[in-house]
Amino acid sequence: MSAALVLSLLVAALVFAAMASDRVAPHRAALAGAAVLLLGGALDGPGLMGVIGSPGLIIITGMMLVAAALEHTGLIDRFVRRLKAQVGRHPRRAWVHLYAGVLLGSAVLANTPMVVLAAPAVVALARQSGISVKPVLLPIVFLASLGGCLSLVGSSVNLIASESLLQAGLGGFGLFEFSLLGLLCAAGGVGILALFGPRLMPVGDAPSAQLYEPERLMLGEHAITAGDPLVGTAALEFLQRHAGVSILDCRRDADTQSATEESGRTSLIADLRLRAGDRLLLEAPARWWIAQAELRQADRAVAPIDVEVWVPPQSRWLGLPLAGLRLDRIHGIEVLGLAAAQGRAHWAKHRIQIGDRLLLRGSRPELERLLASEAALGPLQVERAGHATHRQWVAWLALAAAALPAIGWLSLPQAAVLAALIVMLGGAISRTQPLNRPSLRTLGLVFGMLAIGEALVGSGAVGLLADALEGSAGRVEPWLLLGLTLLIATLATEVLTNGAAVALLAPVVIPLCLHLGLDPRPFVVAVLFGASASFASPLAYQTNTYVHQIGAYRFADFLRVGVPLKLIVCLLCWYAIPRMWPLQAAA
């Protein structure tokens, strides 16, 4: 057993464990693994150049630039405005058009921008229609995932699967090769949502449709300044002046007076005379913290805005203390309050966790810049900035170029490069940030996993693994092996991202099928569709996490709706795949 083989297997196992732990961002784990393989010699120069010039990477990059042009030029927002205009005249038609737009739009636009762009439309239509937001917001996540399976360019997952076939010396997927299967699954998913959705969907409004929840209790520090009229008064008087506020601690120099009884109103705190420089640790509603900030900053030339943000998985803030965020130094943003995801936080000692909510105050540009970094998520991300509407014709031209493979004029990589050149030369994308951070992370994940896959193939690790599985798999009927592939893929996608699940499973499935005399193509399709059915967990995909937070859904809400959807998609695939692609390899 060679050193390269051992290193490749070890790195692949560690990358898988890192992704499954949810402590390391998938793209960072994949890129770190690729770097180790490169330094260790398991990934040689020709292999690296093959990854860099891989058709899949070229197609993904080109289509991401086209998606960025659709967003930057305001074509999507134009569609949303038309839907809003329909609500008064034809409310039911407006909802049908919106959901159909999400489903079909996801065939050409990546899931994440599609959901982020559709979310404000759902909230606005719900408000205008006089209905609750929760039951109508959650379906866009499922529809976007189903729509991503309608074409090869609908999702980066599809391109990763196609690239795995190309690396194995087999032909990649055509632009609409699995569109019929995608339509079948979409029809099944829409049927489940239409028939059982009213009973399965959660009820209630979404508090995050506004910038912050005024009555949410948040922890924070309130400083007593030299000119404060409270100087010299008892803490009890402070409580009497501010109803609904609790004093938890009073920090004075190196000493801390702690309140341990009901609402912090112990005799120790109540009898304490406040001094200039005291820092009161308070629990108060968000509206109170905002009112206090307005009193301190009444003379500011530019009025700040207040927004409640939450911490997603893989945020770079995780594990940092509040002071370690340095938002005031970097962005000029003040942290007014904190609502911890688990239990009551200690202001000075609290370290950021997944689900923590922070009440922030700052200028809109700086808050938008912070949210664009994906360290935190918030409702400002569903409010769109100005668009280069005069460049919409460029975006349409790029879409036409991307569709040329459908008529056999260009190959997919050629069309992707042509479309990318059109949007760049035509000025249809942002000059400062052509691709947003989620797109860059997706590219990093794809590159890293392709590099790891190349090392596994080149070192012989994939062949060794396929040989080990051949003995047990050889006794299983092909149709049963197909069902097992679907099951493993759809379970793996709830632990990993769907892209990571395909990147890890496809390189194993292909040589296994070749050893068993089976056609790898239908089994890769099974991996693709199983991984795309990431419906049952808010952590399965970034769009799930996004909607989970802005809609204030529970984990059980995703399970209740997602499990039936996952089941119907997998059963339809298990039935239809053998009828569309023969399982046995051609003689």
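Residues numbered from 1 in each chain as written. Predicted model: local features only at pLDDT ≥ 70, side-chain atom pairs only at ≥ 80, totals over all residues. Heavy atoms only, no water.

Below, the discussion takes up the overall build of the protein chain. Scanning the protein chain from terminus to terminus reveals 25 helices and seven strands. Buried residues in the protein chain amount to 55% of all 587 residues. In the protein chain, the proportion of contacts linking residues at least 24 apart, taken out of those at least 6 apart, comes to 78%. As presented, the protein chain carries roughly 25400 Å² of accessible surface, and 61% of it is formed by carbon and sulfur atoms. (Helix = DSSP H or I, 4+ residues; strand = E, 2+ residues; numbered from the N terminus. Buried < 20%, exposed > 50% of the residue type's maximum accessible area, 1.4 Å probe, protein only. Contact = heavy atoms within 4.5 Å. Areas by Shrake-Rupley, 256 points an atom, 1.4 Å probe, with all protein chains shown as cover.)

Burial of helix α9 (residues 139-147) is extensive: nine of the nine residues sit out of reach of the surface. Within α9 the residues assigned to the buried category are Pro 139, Ile 140, Val 141, Phe 142, Leu 143, Ala 144, Ser 145, Leu 146 and Gly 147.

Here we come to the pattern of salt bridges. For the structure shown, the criterion picks out four salt bridges. Put simply, Glu 308 and Arg 357 hold a salt bridge, and the shortest N to O gap is 2.8 Å. You can see Glu 308 sitting in strand β5 (residues 305-310) and its partner Arg 357 sitting in strand β7 (residues 357-362), a full 49 residues away along the chain. An identical accessibility class is assigned to Glu 308 and Arg 357; each is buried. Between Asp 557 and Arg 560 there is a salt bridge, and its shortest N-O distance comes to 2.8 Å. Of the two residues, Asp 557 and Arg 560 are both situated in helix α25 (residues 555-580); the distance of three residues between them amounts to about one turn of the helix. Arg 560 gets classed as partly exposed once you look at its relative accessible area, which sits at 30%. (Salt bridge = Lys/Arg side-chain N within 4 Å of Asp/Glu carboxyl O.)

Moving on, we come to the layout of surface pockets. Where empty space is left in the structure can be found by rolling a water-sized probe over the atoms. In this structure, the second largest pocket spans a volume of roughly 800 Å³. As for the second largest pocket, its lining consists of 29 residues, and the residues nearest its centre are Glu 221, Arg 279, Arg 296, Glu 334 and Val 335. Contributions of two or more residues to the lining of the second largest pocket are made by β1 (217-223), α14 (286-296), α15 (327-330) and β6 (334-339). If you tally residues by element for the lining of the second largest pocket, the top one is α14, at four residues. (1 Å grid on protein atoms, 1.4 Å probe; cavity = no way out; pocket = protein on both sides within 12 Å on 5 of 7 lines; lining within 4 Å. Points joined across faces, edges and corners; volume = space filled by probe spheres on them.)

Time to look at the confidence of the model for the protein chain. In this model, the protein chain carries an average pLDDT of 77, and 78% of its residues clear a pLDDT of 70 or more. Across the protein chain, the secondary-structure element scoring lowest on mean pLDDT is strand β3 (residues 255-258), at 50, and the one scoring highest is helix α23 (residues 520-532), at 93. Confidence drops under a pLDDT of 50 for residues 258-267, and excluding neighbours within four residues, the segment shows 18 contacts in the predicted structure. Low pLDDT (under 50) marks residues 382-386, which in the prediction has 10 contacts with non-local residues, meaning those over four places away or in another chain. (pLDDT = per-residue confidence, 0-100.)

With that settled, the discussion passes to the packing of helix α10 (residues 156-167) against helix α22 (residues 498-515). At a minimum axis separation of 9 Å, α10 and α22 run at an interaxial angle of 20 degrees. Judged by the inter-axis angle, α10 sits roughly parallel to α22. For the crossing formed where α10 meets α22, the hand is right-handed. Residues Val 157, Ile 160, Ala 161, Ser 164 and Leu 165 of α10 lie in contact with α22, whose contacting residues are Asn 498, Gly 499, Val 502, Ala 503, Ala 506, Pro 507 and Ile 510. Among the residues making up the contact of α10 with α22, the classes are represented as nine nonpolar, three polar and no charged. (Axes fitted to C-alpha atoms, helices over the stretch in contact; angles between N-to-C directions. Parallel < 35°, antiparallel > 145°, perpendicular 65-115°, else oblique. Left-handed = near helix turned anticlockwise from the far one by under 90°. Nonpolar A, V, L, I, M, F, W, Y, C, P; charged D, E, K, R; others polar.)

Overall, Arg 357 belongs to the buried group, its relative accessible area being 11%. C-alpha of Arg 357 to C-alpha of Trp 310: the two residues are 47 residues apart in sequence and 4.3 Å apart in space. Among the polar contacts listed, one links the side chain of Arg 357 to the side chain of Glu 308, at a separation of 2.8 Å. (Polar contact = N/O pair within 3.5 Å; in protein donor to acceptor, adjacent residues only side chain to side chain.)

On to the state of the cysteines, then. If you walk through the whole model with that rule in mind, you get zero disulfides. Here Cys 149 stays free of any disulfide, with the sulfur of Cys 185 as its closest cysteine sulfur at 6.9 Å. (Disulfide = S-S within 2.5 Å.)

Let's shift gears to the packing of helix α11 (residues 179-200) against α25. Running from amino to carboxyl end, α11 crosses α25 at an angle of 155 degrees, the nearest separation of the two axes being 9 Å. Relative to α25, the element α11 is oriented roughly antiparallel. As for the relative orientation of α11 and α25, their crossing is right-handed in sense. Across the interface between the two elements, Leu 180, Leu 181, Leu 184, Cys 185, Gly 188, Gly 189, Ile 192, Leu 193 and Leu 200 of α11 pack against Arg 560, Val 561, Pro 564, Leu 565, Ile 568, Val 569, Leu 572, Cys 573, Ala 576, Ile 577 and Met 580 of α25. When its residues are assigned to classes, the contact of α11 with α25 shows 17 nonpolar, two polar and one charged.

Next up on the list: unusual backbone geometry. Across residues other than glycine, the phi torsion is negative in most instances, and most of the peptide bonds are trans. At Arg 326, a position not held by glycine, the phi torsion is positive, near 50 degrees. As for its position among the elements, Arg 326 is in the loop between β5 and α15.

A surface patch of nonpolar side chains, amounting to about 470 Å² of accessible area, comprises Ile 58, Val 417, Leu 421, Met 424 and Leu 425. Per element, the largest residue contribution to the nonpolar patch is four residues, and it comes from helix α18 (residues 412-425). Mapped onto the elements, Met 424 comes out in helix α18. In this structure Met 424 comes out as partly exposed when scored by relative accessible area, which is 45%. (Patch = residues over 30% accessible without salt bridge, like charges linked within 9 Å, V, L, I, M, F, W, Y side chains within 5 Å.)

Relative to the helices and strands, Glu 366 is located in helix α16 (residues 364-372). Of the residues examined, Glu 366 reaches a relative accessible area of 16% and is grouped as buried. Within the structure, Glu 366 has its side chain in polar contact with the side chain of His 331 (distance 3.0 Å). Setting aside chain neighbours within four positions, we find Glu 366 in contact with Ile 330, His 331 and Ile 333.

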